[in-house]
Amino acid sequence: MLYMYQDVLLTANCWTYDELIDAFPHSTEDKILPLMRNIWANCQVEVLAHGNIDREEAVQLAQKVSQLLTNSMKPYSSSLHVLYDNNRDIHLPSGTSEFAITNSHHENHGFLLYHQMGILNLQHQALLELMHQIISEPYFNQIRMAEQLAYVTFVSQKFTRSGTVGLNILIQSAYELKYLESRVDAFLNSLEDHLKKMPLEEFNKERNALITQISEKPKQMFTLSWNLWKEILLSQYVFDRDTKLVAYLKRFKPSDILELYRGTLRTDNPRCRRLLITIKSAKTKEMQGKFPISGEAAAPKHAEEMPLKEANSGRGNALPQTGNQSSSSIKSEHKVSSAVIATPLL
C-alpha cells in the first residue's frame, strides 16, 4: 500500500485502487468498444528478440507484429495519447512533503521515506548503488538491532520508469510515528561522521563487493532477457549497463559518496527533497519512545531498554523533519489529493 501511494504521488498518470473502482460505473459499453478496436492504433512497437535468432529474422518478426497490431486500426482521436506521452514524475520541492492516512486493518504503523536524487544516468546510478551498499548495513544495525524499533525495516533504491532515481527507507513498527521519524533523522544526520571516518580499506571492500555482485553473470536466460527488456521499458537502451557501471565504480573515491550524501540525504541541506508517507494503524497499541532532550545527541537505545514488538506481515516506514527544513503537508483519510506536491520533471 505504501508503494502504491508513492507511485500515485510521484507519477503524473497514476491512480489509487479506490479511484479506479470509482471510475468503473463510467466505463460503459459505448466507451469500451471503440477503445478495444483502436487501442493499438497509435502504439509504438518495440520487440526484443533474444536467443537462437539472427538479425534478419528478428527484423522480420518485429515487422510482422507491428503490422498485425496497427494495419487494421484507425487513429484513435482522444486524449489517450496523453497517457503514453505524459510519462513524467513530480519534482519534489525542497524539504519534506508529507502524506498521511489512517488504516484500520493492519496492526502496525507503516511509513516510507523517499529521498529524490535526480535523473537517471549511468554515473548517478553507480554512485547511488554504492551509497546503498555502504549505508544499508549501518542502518539495519542501528534501527533494527541496536534500537529494535521494527522487525520489518530496510533501505532500498527507487528507479521510476520515467528515469527518476532515489532512496527509500521503510519501517513497519508499533512505535509512534513521530518517534520513528526522529530516530531515522538521527541516523541520517550521523552518516556524515560515518562516511568521513570510513577507512579506505572498508570503502574498497564495499565497492569491490558491489562490483562482484554487478559482474555476476545471470544463471538463467530468462534473467538476462528481463535485464535487456528493462532497458526497453525505461527507454534507456544501455544493454551493456553492468559493464559501464563497473567502470564508473572503479573510479569513485570516498569523497564522491560524501558529496552525494551532503547534496541529497543531509536533512538541513536545501537541496534535500523528500516525500514522507505514513499509514497510522487504528488497531495498534502504540509503544512510546523517549525523545532526546533538545540539543542532546540522539543516543541509541539498548536492546534491554527497548523490547522489540513483534510485527505482523506487511510493510511501512517513516522519516523526520528538522527545524531548517521547509515542509509541505498533504493529509487524507482515504484518497490522494489530485494537486499533489510540485511541478513535473520535464
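Residues numbered from 1 in each chain as written. Predicted model: local features only at pLDDT ≥ 70, side-chain atom pairs only at ≥ 80, totals over all residues. Heavy atoms only, no water.

Novice: Is there a simple way to think about helix 6 (residues 122–146) in this case?
Specialist: Three- or four-residue spacings in an α-helix give side chains the same orientation, since the helix completes a turn every 3.6 residues. Over its 25 residues, helix 6 extends 35 Å from the first C-alpha to the last, a length consistent with the 36 Å expected when each residue adds 1.5 Å. Of all the bends in helix 6, the largest measures some 35 degrees and sits at Ile135, one to four residues before the proline Pro138. (Helix = DSSP H or I, 4+ residues; strand = E, 2+ residues; numbered from the N terminus. Expected span 1.5 Å × (residues − 1). Bend = angle between axes of the 7 residues up to and from the residue.)

Novice: Just checking my understanding: could you explain the packing of helix 6 against helix 11 (residues 254–264) for this structure?
Specialist: When two helices pack together, you describe them by how their axes are tilted relative to each other and by the distance separating the axes. Between helix 6 and helix 11, the shortest axis-to-axis distance is 10 Å and the interhelical angle comes to 90 degrees. Our classification of the angle between helix 6 and helix 11 gives roughly perpendicular. On helix 11, the residues touching His124, Leu127, Leu128, Leu130, Met131 and Ile134 of helix 6 are Asp256, Ile257, Leu260 and Tyr261. For the contact of helix 6 with helix 11, the class distribution of residues is 8 nonpolar, 1 polar and 1 charged. (Axes fitted to C-alpha atoms, helices over the stretch in contact; angles between N-to-C directions. Parallel < 35°, antiparallel > 145°, perpendicular 65-115°, else oblique. Contact = heavy atoms within 4.5 Å. Nonpolar A, V, L, I, M, F, W, Y, C, P; charged D, E, K, R; others polar.)

Novice: Hey, could you run me through a nonpolar patch on the surface in this one?
Specialist: Where nonpolar side chains cluster on the molecular surface, the patch consists of Trp15, Tyr17, Leu20, Ile21 and Phe24 and spans about 590 Å² of accessible area. Topologically, Leu20 is positioned in helix 2 (residues 17–23). (Patch = residues over 30% accessible without salt bridge, like charges linked within 9 Å, V, L, I, M, F, W, Y side chains within 5 Å. Areas by Shrake-Rupley, 256 points an atom, 1.4 Å probe, with all protein chains shown as cover. Salt bridge = Lys/Arg side-chain N within 4 Å of Asp/Glu carboxyl O.)

Novice: How do you make sense of the packing of aromatic side chains when you look at a structure like this?
Specialist: The relation between two aromatic rings is expressed through the spacing of the ring centres and the mutual angle of the planes. One pass over the full model with this rule turns up 4 aromatic pairs. Between Tyr139 and Phe187, the aromatic rings sit 5.3 Å apart at their centres with planes inclined by 75 degrees, giving edge-to-face as the arrangement. Highlighted residues: Tyr139 in helix 6 and Phe187 in helix 7 (residues 177–197), separated in sequence by 48 residues. A relative accessible area of 1% means that Tyr139 is categorised as buried. (Phe/Tyr/Trp six-rings, centres within 6.5 Å; stacked < 30°, edge-to-face > 60°. Buried < 20%, exposed > 50% of the residue type's maximum accessible area, 1.4 Å probe, protein only.)

Novice: Even after reading the chapter, I still don't get the pattern of salt bridges, so can you show me in this structure?
Specialist: For side chains bearing opposite charge, pairing can occur when the charged atoms are close. Overall, the coordinates contain 11 salt bridges when judged by the stated rule. Across the pair Arg241 and Glu231 runs a salt bridge whose closest N-O atoms are separated by 2.5 Å. Residue Arg241 is located in helix 10 (residues 241–251), and its partner Glu231 is located in helix 9 (residues 221–233); the two are separated by 10 residues in the primary sequence. Summarising the burial analysis for this pair, Arg241 and Glu231 share the class buried. Residues Asp240 and Lys244 are paired through a salt bridge, measuring 3.6 Å at the closest nitrogen-oxygen approach.

Novice: Could you clarify how one ought to interpret the side chain of Lys158 in this entry?
Specialist: Residue placement: Lys158 occurs in strand 4 (residues 152–159). On the basis of relative accessible area, Lys158 is assigned to the buried category, the value being 13%. At 2.9 Å, the side chain of Lys158 and the side chain of Asp7 are in polar contact. Those residues within four positions of Lys158 in sequence are excluded, and the remaining contacts are Gln6, Asp7, Tyr114, Thr164, Val165, Gly166 and Asn168. (Polar contact = N/O pair within 3.5 Å; in protein donor to acceptor, adjacent residues only side chain to side chain.)

Novice: Just to check I follow, could you spell out the packing of helix 6 against helix 10 for this structure?
Specialist: In contact at an axis separation of 9 Å, helix 6 and helix 10 are set at 70 degrees when each is read in the N-to-C sense. In terms of orientation, helix 6 lies roughly perpendicular with respect to helix 10. When the axes of helix 6 and helix 10 are compared, the crossing they make is right-handed. Mapping the contact onto sequence places Leu122, Gln123, Gln125, Ala126, Glu129 and Leu130 in helix 6 and Arg241, Lys244, Leu245, Tyr248 and Leu249 in helix 10. Of the residues that constitute the contact of helix 6 with helix 10, the class distribution is 6 nonpolar, 2 polar and 3 charged. (Left-handed = near helix turned anticlockwise from the far one by under 90°.)

Novice: Looking at this structure, I do not really get the side chain of Glu206. What am I missing?
Specialist: With respect to the secondary-structure elements, Glu206 resides in helix 8 (residues 200–215). Setting aside residues up to four positions removed in sequence, Glu206 forms contacts with Leu130, Gln133 and Ile134.

Novice: Help me understand the pairing of strand 4 in this model?
Specialist: Each regular strand carries side chains that alternate between the two faces of the sheet. Both strand 4 and strand 5 (residues 164–173) contribute to a ladder of 8 bridges, which runs antiparallel. Bridge pairing in strand 5 links Ser156 to Asn168. (Pairing = 2+ DSSP bridges.)

Novice: Looking at this structure, how should I read the pairing of strand 5?
Specialist: The element strand 5 is extensively covered by neighbouring structure, given that 10 of its 10 residues are classed as buried. Residues Thr164, Gly166, Asn168, Leu170 and Gln172 point to one face of strand 5 and Val165, Leu167, Ile169, Ile171 and Ser173 to the other, with burial holding for every one of them. The pairing of strand 3 (residues 109–119) with strand 5 spans 10 bridges and is antiparallel. Within strand 5, the position partnered with Leu113 by the bridge is Ile169.

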